[in-house]
Amino acid sequence: MLTTCGGKCYAHCKAPAVRPKTGKNQLNNAARHAKLSHAPGIVPAGSLEGRTKGVIRAMRGPFVLFQCPLFRGAGSGDCAMPAFVHAADIHLDSPLKGLFPYEGAPSIEEIRGATRQALDNLVNFVISEHVPLLLIAGDLYDGDWHDFNTGLYFAGRMRRLGEAGVRVAIVRGNHDAANTMTKTLPMPDNVKIFKSRRPETWILDDLGIAIHGQSYAAQEITDNLAAAYPEPVAGMLNIGLLHCLISGAQGHLPYAPCHIDLLASKGYDYWALGHVHNYAVLRETPRIVYSGCSQGRHIRETGPKGCVLVEAQDGALRTEFCALDVLRWVGVSADISAAESVAHAAALFGDALATALADQGGRPCCVRAILKGRCGIHGRLCADPAALAANIRAVAADVSGKRAWIEKVELQSGPAVDLDELARSDTPQGQLLRYLNELSADPQGLALDLDLTALKAKLAGSGVRIPEDAVGRMLEDARDLLLTALADAQSALEK
Ligand SMILES: [Mn+2]
C-alpha cells in the first residue's frame, strides 16, 4: 500500500508505481538505480491512472510493485526525494570569443564545441545522478541555427535522456525566442517546450511536480511575464520556470523584468531562472535561483559554470551547484612590485597562475593576466607590451603544461616613484605631472578636445558602454609612458 508521511514529503507518497514503457530491461535498470528507502510494496494498478504522459506509464495488470525509479535515494531520511536539475543559458554552438591562437596555447581542437561538450556533461550528470527531470530556463540556443546540426545535436541528447526516463522542461529566452528561430525539428516525447502565448502548467503526477512556464515570443520581452503565472497546484512541488531579469540587477538586458518579492509571493517552492549567466541563490525560502550558464564564452563570464541539483526532502529543498564547463575563464592578478625585469614580472605572474589553476579541476583555462603594484620597471612594461605578453605566455605554457591560454595582459601597475612629490618638484617631470593633473580634473575631457559623440552614437543600443573612467585611465597610461621617455632621455644625456 502507498504509505503517507504526514504531508511533510513532497510527492513521494503520491507517487504511483511506474515503469518505463520500453519494458523489462529498463525497469530492471531503473530498479537497480533506484535507491529508495521505503520498502517495496504492492498497489492496485487501477489507482495509478492519471495525467502521466510521456515515457513513464502505469503498469498494466492488477497489481504492480511499489518500486518507483523516479526518486533518488533518501539517504538517512524517511522519504524518497523528488529531485531535478536546473540549467539555463546553454547557448548551444555559440562561439568562444577573444581566443587568438599563439604558439604554446592549448589545442584549439580541445575547446572547439565547448558548449556542446558542456551539454554532454549536463546530460551525463543528470543520468549519473538518476534525476528524473531537467529544467532549462531559456537561451538553450544562441540564436537562429546556422544549420540543422545544432537542433539535431540537441534532439539526440534529449533522446538519450528519454531512454533514461528523464523528462525535460524548456522555456525559450531572448536568444532563442519563438520568432527568432526560423528552423524547427520535432523533439522527442520526453521534452516539453512551453508555449509563448500564455503561461502554462505541466503536471508530472508521478513526481508530484507542477512546472509553470512561458516562453519568449520575441526577443525583447519587456512585460513582466511572472505576473501572469498561474496559482500553485495544491499538494505538489511547484516550480516556476522563467527567463527574466530581477529588477535591480546591473549589466543585463531588462527582459521580462520583475521584482523578487513578486516571485516570492506566488506560492511556488522553487523558481528556476535564466538570463543572468552567474549562479546565484537570490532567496532561500522560497528558493529563487539563477543557475548561470553552462559554459563561459568570454572573459566577462569567469569562474565555474554549470547547473543546480535540487532535492526535496521533508518539505525542504536542498540545492547544490555542479560545474559542467569544459574550458574556464579566469582573471589572475599578480603583484609585481618586486619585479626587476620583464622576465621577473612574468615569473611572479607564473606563481599566481599556478595557485589559481589548482582550483580549476584540471580543465583548460582562458586567463586574463592582471599585473598590479608599483615597480621600477613599470615604464619598460608599458613601452613594450608585445615583449611582456610573450614572456607571460611562455611562463603560462610552462606552469600549466600548455593548459592555460593567455587571453590578454592587463597592466594595472604603476611607477615606483612618489608622484605627489615629483609633481611638486621643479623638474620637467614635475611640469608634466602638473599639466596631466589639470587634465584629469576635467572629467569631460574638454581641455583634451575629446569628442566621443560619434563613438557613443555607434555604441547606442549595443549594450556596450564607454567606461566612465576611460579618460582617467588613458591619462595615467600617457603619464607612465612620458615619464619613462623622460627618464630614458635623461640617462642618455648622463652617459
Ligand atoms: Mn543568456
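Only a predicted model underlies this, so the values are computations on that prediction, with no experimental measurement involved.

Analysis parameters
Throughout, residues of each chain are indexed from 1 in the direction in which the sequence is written. Per-residue local features of the predicted model are confined to residues with pLDDT of at least 70, and side-chain atom pairs are confined, for both listing and counting, to 80 or more; whole-chain, interface and lining totals are unaffected and use all residues. Strands here mean DSSP runs of E at least two residues long; helices mean DSSP runs of H or I at least four residues long; both are numbered from the N terminus. Between the buried cut of 20 or more and the exposed cut of 12 or fewer other C-beta atoms within 10 Å of a residue's own C-beta lies the partly exposed class, and all C-beta atoms are placed from the backbone. In this description, strands pair whenever DSSP reports at least two bridges between them. Think of each axis as a best-fit line through the C-alpha atoms, taken over the contacting stretch in the case of a helix, with angles from 0 to 180 degrees between the N-to-C directions. Placing a C-beta atom from the backbone of each residue, one calls two residues in contact when those atoms lie within 7 Å. Take the residue count of a helix, subtract one, and multiply by 1.5 Å to get its expected span. Geometric relationships in this document are graded by angle, where less than 35 degrees denotes roughly parallel, more than 145 denotes roughly antiparallel, 65 to 115 denotes roughly perpendicular, and other angles denote oblique. By definition, pLDDT measures how confident the predictor is in each residue, and it falls between 0 and 100. A set of buried residues qualifies as a nonpolar core if it consists of Ala, Val, Leu, Ile, Met, Phe, Trp, Tyr and Cys joined through C-beta atoms within 7 Å. Domain start and end points were adopted from an automatic or database domain assignment. All residues other than Ala, Val, Leu, Ile, Met, Phe, Trp, Tyr, Cys, Pro, Asp, Glu, Lys and Arg, Gly among them, are scored as polar; the first ten of these are nonpolar and the last four charged.

Draft legend 1. Representation of the overall build of the chain within the structure. Scanning the chain from N- to C-terminus turns up 12 helices and 19 strands. Across the 495 residues that make up the chain, the buried fraction comes to 39%.

Draft legend 2. View of the sheet that holds strand β18 (residues 365-375). Taken in spatial order, the 3 strands line up as β17-β18-β19 in an open sheet, and their pairing is parallel. Of all the strands in the sheet, just β17 (328-335) and β19 (404-415) have a single pairing partner and so form its edges. Strand-to-strand, the axes of this sheet are offset by a mean angle of 15 degrees, without reference to chain direction. Where β17 and β18 come together, 8 bridges link them in parallel fashion. Paired with R328 across the two strands is C365, which belongs to β18. Helix-sheet contacts for helix α6 (residues 342-357) involve β17, β18 and β19, and the interaxial angle to β17 is about 135 degrees. Against the sheet, helix α8 (residues 385-400) makes contact with β18 and β19, and its axis sits at roughly 130 degrees relative to β19, the strand it touches most.

Draft legend 3. Fine view of α8. Over its 16 residues, α8 extends 22 Å from the first C-alpha to the last, a length consistent with the 22 Å expected when each residue adds 1.5 Å. Looking at α8, one finds that the buried residues are L388, N391, I392, R393, V395, A396, V399 and S400. Packing partners of the buried residues in α8 comprise α6, β18, α7 (378-383) and β19. Within two residues after α8, G401 carries a phi angle of roughly 65 degrees, on the positive side.

Draft legend 4. Spatial organisation of the environment of L353. Relative to the assigned elements, L353 resides in helix α6. Judged by the 25 C-beta atoms lying within 10 Å of it, L353 is buried.

Draft legend 5. Inspection of unusual backbone geometry at higher detail. For the peptide bond that leads from T285 to P286, omega is -10 degrees, which places it in the cis range. Here P286 is to be found in the loop between β13 (280-283) and β14 (287-290). The phi dihedral of H130 is positive, around 55 degrees, even though this residue is not glycine. Structurally, the position occupied by H130 is in the loop between α3 (114-128) and β6 (133-137). Although it is not a glycine, H275 adopts a positive phi angle of roughly 120 degrees. Within the fold, H275 resides in the loop between β12 (270-274) and β13. The class of H275 is buried, set by 25 C-beta atoms lying within 10 Å.

Draft legend 6. Region of interest: the environment of Y153. Within the secondary structure, Y153 is located in helix α4 (residues 149-163). The partly exposed category is assigned to Y153, around which 17 C-beta atoms lie within 10 Å. C-alpha of Y153 to C-alpha of R116: the two residues are 37 residues apart in sequence and 8.2 Å apart in space.

Draft legend 7. View of the packing of helix α10 (residues 428-440) against helix α12 (residues 470-494). Viewed as axis vectors pointing N to C, α10 and α12 meet at an angle of 170 degrees, and their least axial separation amounts to 11 Å. By the angle between their axes, α10 is roughly antiparallel relative to α12. Packed against α10, whose contacting residues are P428, Q429, L432, L433, L436, L439 and S440, the element α12 presents G472, L475, R479, L482, L483 and L486 at the interface.

Draft legend 8. Focus on α6. Counted at 1.5 Å a residue, the expected span for α6 with its 16 residues is 22 Å, and the 22 Å between its end C-alpha atoms agrees. The inward-facing, buried residues of α6 abut β17, β18, α7, α8 and β19.

Draft legend 9. Spatial organisation of the sheet that holds strand β8 (residues 191-193). The strand order across the open sheet built from 6 strands is β8-β7-β6-β5-β15-β16, with neighbouring strands paired in mixed fashion. Two strands in the sheet have a free side with no partner beyond their single neighbour: β8 and β16 (316-323). The mean inter-strand angle of the sheet, taken between neighbouring strand axes irrespective of direction, is 20 degrees. Across 3 bridges, the pairing between strand β7 (residues 167-171) and β8 is parallel. Looking at β8, one finds that I170 is bridged to I193.

Draft legend 10. View of the confidence of the model for the chain. Mean pLDDT for the chain: 81, with 81% of residues reaching 70 or above. Low confidence marks residues 1-79, where pLDDT is under 50. Its contacts with residues over four positions away, or in another chain, come to 147 contacts.

Draft legend 11. Local environment of the nonpolar core. Formed by 103 residues in total, the largest nonpolar core has its most connected members in L134, L135, F349 and V367. Counting contributing residues per domain, this core is built from domain 2 (83-323) and domain 3 (327-416), each supplying no fewer than three. With near-sequence residues (within four places) excluded, V367 lies in contact with V330, V332, L353, A396, A404, W405, I406 and E407.

Draft legend 12. Summary view of the packing of α3 against α4. Running from N to C, α3 and α4 point in directions that differ by 10 degrees, and their axes come no closer than 10 Å. Between α3 and α4, the crossing angle belongs to the class labelled roughly parallel. Contacts between α3 and α4 involve R116, L119, D120, V123 and V126 from the former and Y153, R157, R160 and L161 from the latter. For the contact of α3 with α4, the per-class residue count stands at 5 nonpolar, no polar and 4 charged.

Draft legend 13. Geometry of the environment of V131. Among the structural elements, V131 can be located in the loop between α3 and β6. Residues V131 and V310, spaced 179 residues apart in sequence, show a C-alpha to C-alpha distance of 9.4 Å.

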